[in-house]
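# A structural walkthrough
For reference, the chains in residue letters:
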Amino acid sequence: MEHRLTIDRITPQTKEWTSKVQLIETPRPRKSKDGKTRFQIAVVRDEREEQVVVVLYGEDIEKYADKLTPFSTYLISTAKVRVPLPYGVPINRFEWVIDKFTVVEEVKDDNIQDPPLLPPTRLNTIPFAYLHEQQQNTEFDIIAVVVNCGSIKYVGANNNKCREVVVMDTNVRPTILTMWEDFADTDGSIFTAQVAEFPIIVAKRITRASYGGLLLSTRYNSVILINPPYPQVGRLLNWVKDNRPRLMRYSQQTTVDSSLVLAAEQNDIVPIVSIQSQPHIQLFYVEGKLSFPIADQDFYELLCSHCGQQYRTHSPKIIHCASCKQRAMLTPRVRFEVVMTYSSGPTVATL
């Protein structure tokens, strides 16, 4: 008879063991830094909600691609157990390697005597009200509603692919999550198709970035689960049903260049003195008197028409852009500063 063990009882010295686990996330395959090793990291949990990372290499990734599906239950026997490697996800003191010598058996839904595990409940997510307290480049998890989805864009000197989505929780604090590369393609396409239904996501191992406010961003090892079977997701879905008219005002909010903007409530009038303390990228109203600064200033700048690189010259002409390496016309963008003054003090605004 097989020797069933929970995850915490399995060590590199354990022999002839079997563990009943549920697959809860499968990040995309990637390569080692030297490009020589292709691997995939996944996470499973047992009936006590203990978790462990499982790793697949090379051909085993395709071998198990159709056999390991999210939130299905499996009996895994005698996988290789080791101390996690540096590129792993720090979840447990050990990790498992699934290879051709590992026995993996799916527990079917109709197995009455040994049924699949119930849906998971363990989540450690950060409420949106506390996102601004997270350190940059620190990984954390969120649960959120997707209320808008932008189109794919290419940014920076390397034309990195990205897509912006607006997410929020029950505090109705809309925030932009930037999805990079594969996330922009795969998950972004799903969001585009489902955004009218306000899908719920659990985004794991994302980070915050500060650029004109608070932004969220995917990383190489992030995972985005869409409408996963957590009870927390079910509760948020019920909240969405009760707040659909309110959420709809955040959809279809875009600027001319297809970047997402966050709509403002009529009562979101922020005192000038409080502008710098606003923790989220969203629109709000500011009341004040406008005037031009005393110093002379230019009212436009010239950008590369391909990559948006700014140039100091003010003569529109065709150049060979040093940033994107293409011949491009320098095109003008209006940009200047004004001083806004009210009883709480002055501030400088860029138009």
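Residue numbering note: each chain is counted from 1, following its sequence as written. In keeping with the model being predicted, local features are shown solely for residues with a pLDDT of at least 70 and side-chain atom pairs are shown and tallied solely at 80 or more, while totals for entire chains, interfaces and linings include all residues. Each side-chain value is worked out from all heavy atoms of the structure, with water and hydrogens disregarded.

### Side note on the overall build of the protein chain
By the criteria applied, helices consist of DSSP H or I runs no shorter than four residues and strands consist of E runs no shorter than two, each listed in order from the N terminus. Along the backbone of the protein chain there are four helices and 23 strands. Accessibility here uses a 1.4 Å probe with only protein chains present; expressed as a share of the type maximum, an area under 20% marks a residue as buried, one over 50% as exposed, and anything in between as partly exposed. Across the 351 residues of the protein chain, 43% fall into the buried class. The contact rule is simple, with two residues in contact once any of their heavy atoms fall within 4.5 Å. For the protein chain, restricting intrachain contacts to residue pairs at least 6 apart in sequence, the fraction spanning at least 24 positions comes to 57%. Here the open area of atoms and residues is found with the Shrake-Rupley method and a 1.4 Å probe, where only the protein chains shown may cover a residue. Of the accessible surface of the protein chain, which amounts to about 19,600 Å², a share of 51% is contributed by carbon and sulfur atoms.

### A short note on the packing of aromatic side chains
To pair, rings of Phe, Tyr and Trp, with the six-membered ring standing in for Trp, must have centres within 6.5 Å; the planes then decide the type, stacked if under 30 degrees apart, edge-to-face if over 60, and tilted in the middle. This model, assessed by the stated rule, comprises two aromatic pairs. Ring geometry for W17 against W96: centres 4.9 Å apart, planes inclined by 45°, an arrangement best described as tilted. One end of the pair, W17, is in strand 2 (residues 17–25); the other, W96, is in strand 8 (residues 95–97), with 79 residues separating them in the sequence. Among the residues examined, W17 registers a relative accessible area of 1% and is labelled buried. Between F71 and Y230, the ring centres sit 6.1 Å apart and the planes meet at 90°, which makes this aromatic pair edge-to-face. Of this pair, F71 sits in the loop between helix 1 (59–63) and strand 6 (73–77) while Y230 sits in the loop between strand 16 (223–226) and helix 3 (231–242), placing them 159 residues apart in sequence.

### So, the pairing of strand 15 (residues 214–217)
Regular strands place their side chains on alternate faces of the sheet. Alternating positions in strand 15 separate into two faces, L214 and L216 on one and L215 and S217 on the other, with burial throughout. Taken together, the three bridges between strand 13 (residues 175–180) and strand 15 define a ladder with parallel strand orientation. Residue T178 lies in a different strand from strand 15, and its bridge partner there is S217. A pair of strands is treated as paired once DSSP finds two or more bridges between them.

### Describing empty space enclosed by the protein
Both cavities and pockets are sets of points on a 1 Å grid over the protein atoms alone; in a cavity a 1.4 Å probe fits but cannot get out, in a pocket the set is open with protein on both sides within 12 Å along at least five of seven lines, and lining residues sit with an atom within 4 Å of a point. Grid points are joined across faces, edges and corners, and a volume is the space filled by probe spheres set on the points. On inspection of all chains with the given rule, the structure shows one cavity of 30 Å³ or more. Computed from the structure, the largest cavity encloses a volume of approximately 40 Å³. Any residue that is not Ala, Val, Leu, Ile, Met, Phe, Trp, Tyr, Cys, Pro, Asp, Glu, Lys or Arg is counted as polar, Gly included; the first ten are nonpolar and the last four charged. Looking at the lining of the largest cavity residue by residue, the class counts come to seven nonpolar, no polar and no charged.

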